[in-house]
Amino acid sequence: MSKINEKDFIETYEKAYFKGNSKPDGIPRLNQTSCEIETYIESLLNKPEEYTTQELLEIVSWKAGNLKELGQPIKCSTGYGISINKEQLEKYLASINQKADDIRNKAKNPDNATLLDIYTNMLPEVPKYFGSVYILNLLYFITKRQLPIYDKFAHKALIALSTGVAPSEVTVKPAPAKGSKKSVIKMYTEYIHLLENLFGQKAIGRSLDRALWVYGHSKIAYTK
């Protein structure tokens, strides 16, 4: 499996992530994000202090595709429009904040057993409909990129890059239920290994993640 030139790949696909930009050939319609929202989310990712519960709510809302405008009431629902109890979600996020230092320490050099331990520690008090992908999203922010964000389209992109086919030819199963801990970690470690094999790192930044998400929608294989 040959490594991908990260700079060229980002230059090809990242711009299409943002509203108002054109898309490369082979990319259908995208749910593009405003520069304002993405800049704000990136500022949270780079924030050295602990997150407030409100900031974690915004991070969750962003991942679900619900954060459309800053300063507006947070919509507590999944990307499929299923409501999540806000009081339970706030309580859960506050509990995660209390574990943040421990999570970051364990995430410095995680093996599979450590990842399973970290993930298991994220499960108490998790509200209904708050699935495994949202938990992994929190890990990305809590660990300040030590552990990568996970997304189905980015996963499709990585498999496509590793096999030389178009992402539209790749099938990625839905993420396992949050309680299926070993299955979640199996999916996540496969994702991490693909990142390391193709780009030499698991601690990816927003630019590469945005490019992978865009490419994950492509009907044409990347050939550079």
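The coordinates are above.
As the structure is a prediction and not an experimental result, all values here were calculated from the model.

**What to know about the overall build of the protein**
Looking only at helices and strands, the protein features ten helices and zero strands. In the protein, the succession of helices and strands from N to C terminus is α-α-α-α-α-α-α-α-α-α. Over its C-alpha atoms the protein spans a radius of gyration of 17 Å, differing by no more than 12% from the 17 Å that the globule rule assigns to 224 residues. Principal axes of the C-alpha set define a box for the protein whose edges measure 45 × 40 × 30 Å. Out of the 224 residues in the protein, the part that is buried amounts to 50%. Contacts in the protein between residues far apart in sequence, at least 24 positions, make up 70% of those at least 6 positions apart. Carbon together with sulfur atoms contributes 48% to the accessible area of the protein, which is approximately 10900 Å² in total.

**Structural notes on helix 8 (residues 152-163)**
Residues that lie three or four places apart on an α-helix share one face, since the helix turns once every 3.6 residues. The first and last C-alpha atoms of helix 8 sit 17 Å apart over twelve residues, in line with the 16 Å expected at 1.5 Å per residue. Tucked inside the fold, the buried residues of helix 8 contact helix 1 (6-13), helix 9 (181-199) and helix 10 (206-215). Its side-chain oxygen placed 2.7 Å from the backbone nitrogen of phenylalanine 153, aspartate 151 serves as the N-cap of helix 8. Glycine 164 occupies a position one or two residues after helix 8 and carries a positive phi of about 80°.

**As for the side chain of serine 132**
Following the sequence through the fold, serine 132 ends up in helix 7 (residues 132-142). Looking at serine 132, the relative accessible area reads 3%, which means it is buried. Those residues in contact with serine 132 that sit more than four places away from it in its chain are Tyr119, Ala175, Pro176, Lys178 and Val184.

**Topic: the layout of surface pockets**
Of the pockets and cavities examined, the largest pocket occupies roughly 1300 Å³. If you go around the largest pocket, you meet 41 residues; those closest to its centre are Lys63, Ala64, Gly79, Tyr134 and Asp151. Of all the secondary-structure elements, those providing two or more residues to the lining of the largest pocket are helix 3 (53-63), helix 7, helix 8 and helix 10. The residue makeup of the lining of the largest pocket, split by class, is 20 nonpolar, eleven polar and ten charged. In this structure, the second largest pocket encloses a volume near 190 Å³. Around the second largest pocket, the lining comprises 13 residues; the ones closest to its centre are His155, Val172, Lys173, Met187 and Glu190.

**Details of the packing of aromatic side chains**
The final tally for this structure, using the stated rule, is 14 aromatic pairs. Seen in terms of ring centroids, tyrosine 150 and tyrosine 191 are 4.9 Å apart; in terms of plane orientation they differ by 70°. Their pairing is edge-to-face. Separated by 41 residues along the polypeptide, tyrosine 150 in the loop between helix 7 and helix 8 and tyrosine 191 in helix 9 bring together distant segments of the chain. With respect to class, tyrosine 150 is no different from tyrosine 191; both count as buried. Among the aromatic side chains, those forming a connected cluster through ring pairs are Phe9, Tyr13, Phe199, Tyr215 and Tyr222. Over the ring of phenylalanine 153 we find lysine 152, and its NZ or CZ is 5.1 Å from the ring centre. The cationic tip of arginine 210 hangs over the ring face of tyrosine 17; the distance from NZ or CZ to the ring centre is 6.0 Å.

The rules we used
Residues numbered from 1 in each chain as written. Predicted model: local features only at pLDDT ≥ 70, side-chain atom pairs only at ≥ 80, totals over all residues. Heavy atoms only, no water. Helix = DSSP H or I, 4+ residues; strand = E, 2+ residues; numbered from the N terminus. Rg over C-alpha atoms; globule rule 2.2 N^0.38 Å. Buried < 20%, exposed > 50% of the residue type's maximum accessible area, 1.4 Å probe, protein only. Contact = heavy atoms within 4.5 Å. Areas by Shrake-Rupley, 256 points an atom, 1.4 Å probe, with all protein chains shown as cover. Expected span 1.5 Å × (residues − 1). Polar contact = N/O pair within 3.5 Å; in protein donor to acceptor, adjacent residues only side chain to side chain. 1 Å grid on protein atoms, 1.4 Å probe; cavity = no way out; pocket = protein on both sides within 12 Å on 5 of 7 lines; lining within 4 Å. Points joined across faces, edges and corners; volume = space filled by probe spheres on them. Nonpolar A, V, L, I, M, F, W, Y, C, P; charged D, E, K, R; others polar. Phe/Tyr/Trp six-rings, centres within 6.5 Å; stacked < 30°, edge-to-face > 60°. Lys NZ or Arg CZ within 6 Å of the ring centre and 35° of its normal.

Any functional reading would require information beyond the geometric quantities listed.
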